[in-house]
Amino acid sequence: MHRRAPFVAVATLCAVGLLAVGLSGCAVQQATPVTDAEAHDRFLGALDDTQGIVGGEWQVLDDPTPRECVIPLWVAGERYPALRLGDAPVLASIAADRVESAWNEQGMRVTRTDIGDVIEVKGESAEGELLVLRVSESASTLLGESECRPR
């Protein structure tokens, strides 16, 4: 009977841990089945496509140094940040509408927020990429983070 006690304790802890993950609503997101370079290129392509939708001249200030991130279940990973500064679109509301529509068509989870004179459109891809566009009558900014890839 005493030999089973450690097993029961371990099994109970595992069950409690799995229950906590399930109740928290966390879905374990695995890295996409592409190479790191392909995932990075996909992310940069999404940024470039968004710039094309908004139009104008853009300054690319992407940081080539990856940031640390954690994939669920405590796997160390890396993600790449991006920052791009652009001209003001001809009409900020139309640029935001076009980006929102394009991101929705790509299957992103999109939210739109008006912050004073600035319109923010945020898109989150199924792969875990984050894109944030802010447009106003004076400027455009586009920032984001690539998916978290295991190291």
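Please read all numbers here as calculations on a predicted model, not as lab measurements.

Draft legend 1. Spotlight on the sheet that holds strand β3 (residues 75–79). Taken in spatial order, the three strands line up as β2-β3-β9 in an open sheet, and their pairing is antiparallel. The outermost strands of the open sheet, each flanked by one partner alone, are β2 (67–71) and β9 (149–150). Alignment of β2 against β3, held across five bridges, turns out to be antiparallel. Residue pairing across strands places Val-70 opposite Ala-76, the latter belonging to β3.

Draft legend 2. Local environment of helix α3 (residues 92–105). When the terminal C-alpha atoms of α3 are compared, their 20 Å separation across 14 residues agrees well with the 20 Å that a helix rising 1.5 Å per residue should span. Elements that come into contact with the buried residues of α3 comprise α2 (36–54), β5 (109–115), β6 (118–124), β7 (130–135) and β8 (140–145). Just downstream of α3 lies Gly-107, where phi reads positive at about 85°.

Draft legend 3. Up close: α2. Taking 1.5 Å per residue as the helical rise, α2 with its 19 residues ought to reach 27 Å, and the 28 Å between its terminal C-alpha atoms agrees with that figure. If you follow the buried residues of α2, they end up packed against β1 (58–60), β4 (81–86), α3, β7, β8 and β9. Positive phi appears at Gly-55, one or two residues downstream of α2, with a value of about 85°.

Draft legend 4. Quick look at the side chain of Ser-146. With respect to the helices, strands and loops of the structure, Ser-146 is situated in the loop between β8 and β9. One polar contact links the side chain of Ser-146 to the main-chain amide nitrogen of Tyr-80, over a distance of 2.6 Å. Setting aside its immediate chain neighbours within four residues, Ser-146 contacts Phe-43, Arg-79, Tyr-80, Gly-128 and Glu-129.

Draft legend 5. Representation of empty space enclosed by the protein. Within the structure shown, the criterion is met by one cavity of 30 Å³ or more. Taken as a whole, the largest cavity holds about 30 Å³ of empty space. As for the largest cavity, its lining consists of Ala-46, Asp-49, Thr-50, Ile-53, Trp-103 and Gln-106. Among the residues making up the lining of the largest cavity, the classes are represented as three nonpolar, two polar and one charged.

Conventions adopted
The residue count restarts for each chain, going from 1 along the sequence in the order it is written. Residues qualify for local features only when their pLDDT is at least 70, as the model is predicted, and side-chain atom pairs are given and counted only at 80 or more; totals for whole chains, interfaces and linings, by contrast, use all residues. Heavy atoms from the whole structure form the basis of all side-chain values; hydrogens and water molecules are not counted. Whether two strands pair depends on DSSP finding at least two bridges between them. Helix and strand definitions follow DSSP, with helices as H or I runs of at least four residues and strands as E runs of at least two, each counted in order from the N terminus. A helix is expected to reach a length of 1.5 Å times the quantity of its residues less one. Two residues qualify as a contact provided that any one of their heavy atoms is within 4.5 Å of a heavy atom in the partner residue. Throughout this description, a polar contact denotes any pair of N or O atoms lying within 3.5 Å of each other; where both atoms belong to protein, one of them has to be capable of donating a hydrogen while the other can accept it, and for residues adjacent in sequence the pair is counted only when both atoms sit in side chains. Cavities and pockets were defined on a 1 Å grid built from protein atoms only: a cavity is a group of points that admits a 1.4 Å probe but offers it no way out, a pocket is an open group of points flanked by protein on both sides within 12 Å along at least five of seven lines, and a lining residue is one with an atom within 4 Å of any such point. Grid points are joined across faces, edges and corners, and a volume is the space filled by probe spheres set on the points. Just so you know the grouping, Ala, Val, Leu, Ile, Met, Phe, Trp, Tyr, Cys and Pro go in nonpolar, Asp, Glu, Lys and Arg go in charged, and all remaining residues, Gly too, go in polar.

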